[in-house]
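Next come the chains, spelled out residue by residue.
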Amino acid sequence: MRQSIIYEVTINYIGSLSEVRKREPFVVYFSNLKRAIECVQTNLAVNGWEQKRVNYTAVYRTLKVKNKFVCDFDAMKVKFFQVIITTKTLNPLLTTLGIDEYPTIKK
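Being a predicted model, the structure only gives us computed values, none of them experimental. Here the residue numbers are simple positions, counted from 1 along each chain's written sequence. Where totals are concerned, whole chains, interfaces and linings use all residues; where local detail is concerned, this predicted model gives features only for residues with pLDDT of at least 70, and gives and counts side-chain atom pairs only at 80 or more. To get the side-chain values, take all heavy atoms of the structure and skip hydrogens and water.

**Here's the deal with the pairing of strand β1 (residues 4–13)**
Of all the ten residues making up β1, seven are buried; the element is thus mostly covered by neighbouring parts of the structure. Looking at chain direction, β1 and strand β4 (residues 78–90) are connected through ten bridges and run antiparallel. Residue pairing across strands places Ile 11 opposite Val 83, the latter belonging to β4. Note that β1 and strand β2 (residues 26–30) share five bridges and pair antiparallel. Counted as the bridge partner of Thr 10 is Val 27 from β2. When a residue's accessible area, from a 1.4 Å probe over protein chains only, is under 20% of the maximum for its type it is buried; when over 50% it is exposed; and in between it is partly exposed. A run of H or I in DSSP becomes a helix once it reaches four residues, and a run of E becomes a strand once it reaches two; helices and strands are each numbered from the N terminus. In this description, strands pair whenever DSSP reports at least two bridges between them.

**Some words on the sheet that holds β1**
Read from one edge to the other, the open sheet built from four strands follows the order β2-β1-β4-β3, with strand pairing classed as antiparallel. At either margin of the open sheet sits one strand with a lone partner, and together these are β2 and β3 (68–75). Put simply, the sheet's adjacent strands are angled 20° from each other on average, direction ignored. Axis definition: a line fit to C-alpha positions, over the contact stretch in the case of helices; interaxial angles, taken between N-to-C directions, run 0 to 180 degrees.

**A closer look at the packing of aromatic side chains**
Both the distance between ring centres and the angle between the ring planes are used here to describe each pair of aromatic rings. Geometry of aromatic contacts follows a simple scheme: Phe, Tyr and Trp rings, the Trp one being its six-membered ring, pair when their centres are within 6.5 Å, and the pair is stacked under 30 degrees between planes, edge-to-face over 60, tilted otherwise. In total, this model carries five aromatic pairs according to the counting rule given. Each ring, one from Trp 49 and one from Phe 81, has its centre 5.0 Å from the other, and the planes form 90°; the classification is edge-to-face. Separated by 32 residues along the polypeptide, Trp 49 in the loop between α2 (33–46) and α3 (56–66) and Phe 81 in strand β4 bring together distant segments of the chain.

Quick look at the structure:
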């Protein structure tokens, strides 16, 4: 069975404004890290947010070291949302789940 890695991009709404207007986290999956970052950068640019903090090199290096990239976005010292990029493994290796072999009766 072939394993592959996908990238999960989550947008969490944080800060005091999230209490006024409740919003569920937004989650989307990509099979290509470059496409995931391009999508995030495009949406940040369309909505007028600074996109310098989310670049390919920063995300790639952080994922290799910490397996998770987190970036908070704020304006006027108020946090609005958080971008989280993590890796997920599809078709993980099958294990025995810690189950021992069935004991046989010795004759």
